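# Commentary on secondary and tertiary structure
Chain by chain, the residues:
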Amino acid sequence: MMYLTTEQERMLSGEEGEAVRKGMELIVALGEIYGAERLIPIKSAQVSGVSYKTIGDAGLEFIEDYARIMKKEGRKVRVKTTMNPAGMDLEKWRLMGVDEDFAEKQLRIFNAYVSMGIEPSLTCTPYYFVNVPSFGEHIAWAESSAVSYANSVIGARTNREGGPSALASAITGLTAEYGLHLDENRRADVIIEVDFKPDPYLYAAMGNHLGSLLSKIGKKVPYFRGIKPSEDEMKALGAAMAATGSIALYHVENITPKWEDAVTDKLETIHIDKREIREHIKGMDRDCEPELIAIGCPHASERELKRIAELVKGRRKREDRELWVSVSRAVAERNPEAVRIIEEFGGLVLRDTCMVVAPIEKRFGNTAVNSGKAAYYLPKESFCRQCVRFRPLEELVMMAVAP
Ligand code: F3S
């Protein structure tokens, strides 16, 4: 049985109200399943389950019910809490082709979360300016790409929470101490020796390939040798590995925090060469004419946004193709010139949403991306039903340029 402090016992028994009791029940149940000895305080939460497309009417009802209880009890979330992207840009949804019914339900979800005290961030990259954890901090984040970035690139500590458990942690300010909160589970269990110098495109493809490969052989924490990725490249690599496998933490020799402590035993080594990645790309890059060119999965960084602006500057967009660039509000607001250039070109710089959680299947059948994560989700029959082209950033932009 897990040890609970007197205050935690009170929270669990309902003395602090129904909202806190429900949150505690979930966290304690998870802790018991995973063998946690106690609950620990968290510094922040990132809640997923925001897009109406992904949670549907059942999710909308659950969140509105919860928000009603919290309102009645005069409660708000106890720690800094941010939210994942919604199914539409809250302002430009008509330009995206989103219908009124979807928009109305999406706004209800957003308003319910905001009424709980959750910041209206609507991004999967809260670590850009909005919700920036520090090294070693315990947090409870949902959104697998952000979990990977927070654990691996920043060195914060979070398990891969689901929407309800992240919300429960936000409401109680607690999480159960198991999994990646503990040192022993943060050590590498496999070494990946990369025998070539990847570019950003190959990092995304390598992540897509390795996530499924590692899951098949039961490995969870890879340690990379032979690469020097930038922060953007680590974002792409981690997001793709988290999508196709369930990799929530990786280490890169000489780069990521505390990499020196990651390997303590003799580990199996897997060699990856360029040919293998090129071969894998053949399965990701289908032969179809893109109608939508979608960049920004995870949401684009300032560098990526500026690079796209540089590429489209002074050019004209093809009439028959759309260009969407997904970013957080924080990144868009800090880079008005890049946004202006892309929009002058004819592209849409979308805040609050992305090509995966927006209902693109209602308008498009063929989409081109450079993201190893998007390339995994977009073809899914149950989700986006797209024929996907997977190409490098520069090529994607040129696909949108008028001859
Ligand atoms: Fe973010 Fe959407 Fe990709 S939520 S990680 S841009 S699928």
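It should be emphasised that the depicted structure is a prediction, and the values quoted were computed from it without experimental measurement. (Residues numbered from 1 in each chain as written. Predicted model: local features only at pLDDT ≥ 70, side-chain atom pairs only at ≥ 80, totals over all residues. Heavy atoms only, no water.)

## Some remarks on the overall build of the chain
Inclusion rule: We count a stretch as a helix when DSSP gives it H or I for four or more residues in a row; a strand needs E for two or more, and each element gets its number in order from the N terminus. Our radius of gyration is a C-alpha quantity, and the globule rule it is checked against amounts to 2.2 Å times the number of residues to the power 0.38. For every residue, the accessible area (1.4 Å probe, protein chains only) is compared with the maximum for its type, and the residue is labelled buried under 20%, exposed over 50%, or partly exposed between those bounds. Only heavy atoms enter the contact rule, under which two residues are in contact if any of them lie within 4.5 Å. Here the open area of atoms and residues is found with the Shrake-Rupley method and a 1.4 Å probe, where only the protein chains shown may cover a residue. Charged residues are defined here as Lys and Arg on the positive side and Asp and Glu on the negative side; His and the ends of the chain fall outside this count. Positions of charges follow a simple convention, taking NZ of Lys, CZ of Arg, CG of Asp or CD of Glu.
Helix and strand counts for the chain stand at 15 helices and 14 strands. Expected size for 403 residues packed as a compact globule is a radius of gyration near 22 Å; at 21 Å, the chain falls within 12% of this value. Projected onto its principal axes, the C-alpha positions of the chain cover 70 × 55 × 35 Å. In the chain, which comprises 403 residues, the share counted as buried stands at 59%. Considering only residue pairs separated by 6 or more positions, the chain has 77% of its internal contacts joining residues 24 or more positions apart. Element-wise, carbon and sulfur atoms account for 49% of the exposed surface of the chain, whose accessible area totals about 16900 Å². Computed over 55 positive and 60 negative side-chain charges, the separation of the two mean positions in the chain equals 2 Å.

## Quick word on helix H15 (residues 393–400)
Selection rule: An arc is given here, and it is the one of the directions from the helix axis to the C-beta atoms.
Listed in full, the buried residues belonging to H15 are Leu393, Leu396, Val397, Met399 and Ala400. For H15, the buried positions fall inside an angular range of 155° around the axis, keeping them on one side. Structurally, H15 contributes buried residues whose contacts are with strand S10 (292–295), helix H11 (302–312), strand S11 (322–327), helix H13 (336–345), strand S13 (366–369) and strand S14 (387–390).

## Quick word on unusual backbone geometry
Across the junction of Cys297 and Pro298, the peptide omega takes the value -10°, indicating a cis bond. At Leu122, a position not held by glycine, the phi torsion is positive, near 50°. Among the structural elements, Leu122 can be located in the loop between helix H5 (100–115) and strand S4 (140–141). You can call Leu122 buried: its relative accessible area is 0%. Of note, Asp352 is a non-glycine position whose phi angle comes to about 75°, a positive value. Tracing the backbone through its elements, the reader meets Asp352 in the loop between strand S12 (348–351) and S13.

## Notes on the sheet that holds strand S7 (residues 222–225)
The cut-off we apply is this: Any two strands with at least two DSSP bridges between them are considered paired.
Spatially, the four strands line up as an open sheet ordered S8-S7-S6-S9, and their pairing is parallel. Two strands in the sheet have a free side with no partner beyond their single neighbour: strand S8 (251–252) and strand S9 (269–272). Sheet analysis places strand S6 (residues 190–194) next to S7, joined by four bridges and oriented parallel. Residue pairing across strands places Ile192 opposite Phe224, the latter belonging to S7.

## Looking at the environment of Ala248
Tracing the backbone through its elements, the reader meets Ala248 in the loop between helix H9 (231–244) and S8. Expressed as a C-alpha distance, the spacing of Ala248 and Val28, which sit 220 residues apart in the sequence, is 22 Å. Once you skip the residues sitting within four places of it in the chain, Ala248 turns out to touch Val147, Ser148, Asn151, Ser152 and Leu180.

## Some remarks on the state of the cysteines
Put simply, the rule reads: In this description, a disulfide is simply a cysteine sulfur pair whose atoms lie within 2.5 Å.
Across all of its chains, the model carries one disulfide by this definition. The disulfide partner of Cys288 is Cys387, and the gap between their sulfur atoms is 2.3 Å. Between Cys288 and Cys387, the disulfide has an S-S torsion of -100° and is therefore left-handed. Here Cys387 lies in strand S14 and Cys288 lies in the loop between helix H10 (274–284) and S10, a separation of 99 residues in the sequence. Exposure remark for Cys387: the relative accessible area of 23% places this residue in the partly exposed category. No disulfide involves Cys384; its sulfur sits 8.1 Å from that of Cys354, the nearest cysteine.

## Details of the packing of helix H1 (residues 6–13) against helix H2 (residues 18–33)
Here is the rule: In this analysis an axis means a line fitted to C-alpha atoms, helices contributing only their contacting stretch, and an angle means the value between N-to-C directions, from 0 to 180 degrees. By definition in this entry, angles of less than 35 degrees are roughly parallel, angles greater than 145 are roughly antiparallel, angles of 65 to 115 are roughly perpendicular, and the rest are oblique. Note on residue categories: nonpolar means Ala, Val, Leu, Ile, Met, Phe, Trp, Tyr, Cys or Pro, charged means Asp, Glu, Lys or Arg, and polar means any other residue, Gly included.
Packing of H1 against H2 brings their axes to within 7 Å, and their N-to-C directions diverge by 115°. In terms of orientation, H1 and H2 fall into the roughly perpendicular class. Along the contact surface, H1 presents Gln8, Met11, Leu12 and Ser13, while H2 presents Val20, Arg21, Met24, Glu25 and Val28. Grouping the constituent residues of the contact of H1 with H2 by class yields five nonpolar, two polar and two charged.

## Comments concerning the domain arrangement of the chain
The condition that has to hold: Domain extents, as shown, originate in an automatic or database domain assignment. Each salt bridge in this description consists of a side-chain nitrogen of Lys or Arg and a carboxyl oxygen of Asp or Glu lying within 4 Å of one another.
By the assigned domains, the chain splits into domain 1 (6–183), domain 2 (187–281) and domain 3 (285–400). Taken over C-alpha atoms, the centre of domain 1 sits 27 Å from the centre of domain 3. Facing the 28 residues of domain 1 at the interface are 30 residues of domain 3. Here Glu143 makes a salt bridge to Lys373, at a shortest N to O gap of 2.9 Å.

## Focus: the sheet that holds strand S3 (residues 80–83)
As summarised here, the arrangement of the three strands in space is S3-S2-S4, forming an open sheet in which the pairing is parallel. Each edge of the sheet is formed by a strand with only one pairing partner; in this case those strands are S3 and S4. Looking at chain direction, strand S2 (residues 44–47) and S3 are connected through four bridges and run parallel. When the sheet's bridge partners are listed, Val47 is paired in S3 with Met83. Together, S2, S3 and S4 form the strand contacts of helix H7 (residues 163–172), whose direction differs from that of S2 by roughly 145°.

## Topic: the side chain of Asn335
Tracing the sequence through the fold places Asn335 in the loop between helix H12 (329–334) and H13. Discounting residues that sit within four places of it in the chain, Asn335 has contacts with Glu302, Leu305 and Lys306.

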